[in-house]
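# Examining the three-dimensional arrangement
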Amino acid sequence: MTVLDIRNAGKTFTMHLQGGLRLPVVQGVSFRVMPGECVVLAGPSGCGKSSILKMIYGSYRCGEGHIVVDHGDVRVDLARAEPREILALRRSAIGYVSQFLRAVPRVAAIDVVAEPLVSDGVSRSEARERAGAFLARLNIAPRLWDLPPATFSGGEQQRINIARGFLPERPILLLDEPTASLDAANRNVVVDLIHARKSAGTAIVAIVHDDEVRDSIADTVIDIAQFTAAA
Amino acid sequence: MTISREEPLLAAEGLTRWYGRQLGCRDVSFSIYEGEVLAIVGESGSGKSTLLQLLSAQLEPSEGHVRYRMRDGVTRDLGLLGEAERRFLFRTDWGYVHQDAAQGLRMSVSAGANVGERLMANGWRHYGRIRATAETWLDRVEIDRGRIDDTPRTYSGGMRQRLQIARNLVTEPRLVFMDEPTGGLDVSVQARLLDLLRGLVTDLGLAAIVVTHDLAVARLLSHRIMVMKGGQVIETGLTDQVLDDPQEPYTQLLVASILPA
């Protein structure tokens, strides 16, 4: 039973402003992820790890190959999906914790976290309650909840992003260096959250540079350098 | 009858408009569904305002059609609607937010009347209920109720724009057209307006077509983007995909030209 099946996926950037320079990123990327499995993408910076996550999330186009999401009665190839199918998939199947929080002006941290639940149809009051509980677990002080996260520290913003990605409990979770700017205590909280999500059957694809975190969460480690396209 | 969720709310097919020998826009086709926000981006003269007028039946296309699924579930060709039906759409099922609030508001009547007028056009007669609804809407767009009897002339630019939004949304339209809704406003005022629009669009499940030259506005508000240049759609897709991984030379230029804050 595979939730995510990536076959021969490849990506090349064409930089029109640099005279049509073609910048190959990855090619022939193939791996599968089962429910409850955590696949860690490894390799040096610039080898294309984040690009692969973005292709799975759909914010980068998948130039070649297939990225098939299979969950319940939904089976979608992200390489060929219409924008509305990708949006529907994000609502139903894919959670994503990006490296940096894209802060919306004026929106309170707790609402940033609650927003995906609200668009799932959960009432705003319940969504905020659950968002608050999650923020507390990540040691974000309640006095910060009603402030927009733009002025927060890097570690605080990262935890807001983690809460927003984890709370809606999608069957696939993409994590781009979720513990990079966290102190040891908060890193352990996030590791516990990842373990809990794995036991609940979530398929996880993660980029982690911290060896300790990686050893704790990874079932499979894939070296992305093998897919790095020759320039 | 049951309405298929798969049928678009509005579909444009091969929309083309010439102004004499001058091209307005050419061969534009797309669909929009309930709850979706589509941003049309491009520089001045790219044809985005012409397109918005074609879509909202204010301008007749030289070629092509716009089909719209009416409240009764029947999809109609807008070009074949009678004048009364078109007016009904404008009064009830559609909103149109102008860049210049003075074009979308009646500047010499009170704020309350500006909001109430749309309700009266929909057959509301009870003064108390109209006023109460207008007050609720002023709250929603963050205008002090104490200003309900003032005319929009006495309002700041940001307040006028919020009042225009209240006037448009009070009849619970299913589709809202917005032409540069944050254009000409101070950045702090823009941020507030964007945040407000985002919230309302999500809460009401509206479909919206937003014309903007500001990619940051498109990023914040829209699910999908259409990039126009020289009257034609040159790139289209999911908003973050078009902005993070633009394919066309012109789109790459637009994205690369955003000044970092």
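Above this text is the structure in question.
Residues numbered from 1 in each chain as written. Chains lettered and ligands numbered in written order. Predicted model: local features only at pLDDT ≥ 70, side-chain atom pairs only at ≥ 80, totals over all residues. Heavy atoms only, no water.

### Focus: the overall build of chain A
As a reminder, the rule being used: Helix and strand definitions here come from DSSP, where helices need a minimum of 4 consecutive H or I residues and strands a minimum of 2 consecutive E residues; each element is numbered from the N-terminal end. Throughout, radius of gyration means the C-alpha value; the globule benchmark is 2.2 Å times the number of residues raised to the power 0.38. Accessible area is worked out with a 1.4 Å probe on protein chains only. A residue is then buried under 20% of its type maximum, exposed over 50%, and partly exposed in between. The criterion used for residue contact is that any of the two residues' heavy atoms lie within 4.5 Å. Accessibility throughout is a Shrake-Rupley quantity obtained with a 1.4 Å probe, and a residue counts as covered only by protein chains that appear here. Charge assignment in this entry is limited to Lys and Arg as positive and Asp and Glu as negative, and neither His nor the chain termini are counted. All charge positions are set by atom: Lys at NZ, Arg at CZ, Asp at CG, Glu at CD.
Helix and strand counts for chain A come out as eight helices and nine strands. Here the C-alpha radius of gyration of chain A, 18 Å, is about what a compact globule of 231 residues would show, namely 17 Å. Burial analysis of chain A (231 residues in total) assigns 52% to the buried set. For chain A, long-range pairs separated by at least 24 residues make up 68% of all intrachain contacts whose partners lie at least 6 apart in sequence. Carbon and sulfur atoms provide 49% of the accessible area of chain A, an area that totals close to 10,200 Å². Distance from the positive charge centre (26 side chains) to the negative charge centre (26 side chains) of chain A: 6 Å.

### Digging into the interface of chain A and chain B
Basically, it comes down to this: Accessible area that two parts lose when put together, evaluated with a 1.4 Å probe and summed over both, is termed the buried area. Only one rule defines a salt bridge in this text: a Lys or Arg side-chain nitrogen within 4 Å of an Asp or Glu carboxyl oxygen. Polar contact is the term for a pair of N or O atoms within 3.5 Å; when the atoms are in protein, one must be able to donate a hydrogen and the other to accept it, and sequence-neighboring residues count only if both atoms are side-chain atoms. Ten residues, namely Ala, Val, Leu, Ile, Met, Phe, Trp, Tyr, Cys and Pro, are considered nonpolar, four, namely Asp, Glu, Lys and Arg, are considered charged, and the remaining ones, Gly among them, are considered polar.
The interface of chain A with chain B comprises 23 residues on the first partner and 29 residues on the second. Overall, the association of chain A and chain B removes approximately 2,300 Å² of surface from exposure, summing both partners, and the carbon and sulfur fraction of that is 52%. When residues of chain A are sorted by the area they lose upon contact with chain B, Arg61(A), Arg84(A) and Arg106(A) head the list and together hold 31% of the total. Linking chain A with chain B are eight salt bridges. Notably, a salt bridge pairs Arg61(A) with Glu235(B), separated by 3.4 Å at the nearest N-O pair. Viewed at the interface, chain B and chain A are joined by 13 residue pairs in polar contact (both at pLDDT 80 or more). Of all the elements, helix α2 (residues 83-92) of chain A adds the most residues to the side of chain A that touches chain B, at five residues. Partitioned by chemical class, the residues of the side of chain A that touches chain B number 11 nonpolar, four polar and eight charged.

### A look at the pairing of strand β1 (residues 4-15) of chain A
Residues and elements named next belong to chain A. Going by this rule: When DSSP finds two or more bridges between two strands, those strands count as paired.
The sheet contact formed by β1 and strand β2 (residues 21-33) spans nine bridges and is antiparallel. Its bridge partner being in β2, Ile-6 is matched across the sheet by Phe-31. Between β1 and β2, which pair antiparallel one after the other, the connecting turn spans five residues, and Gly-19 there sits at a positive phi close to 65°.

### Overview of the environment of Thr75(B)
Residues and elements named next belong to chain B. By the element assignment, Thr-75 lies in strand β5 (residues 75-77). Along the sequence, Thr-75 and Leu-10 sit 65 residues apart, while their C-alpha atoms lie 8.6 Å from each other. Not counting the four nearest positions on each side in its chain, Thr-75 is found in contact with Glu-7, Arg-67, Tyr-68 and Arg-69. Engagement of the side chain of Thr-75 in a polar contact is seen with the side chain of Glu-7, the distance being 2.4 Å.

Interpretation in functional terms is not warranted from these geometric data alone.
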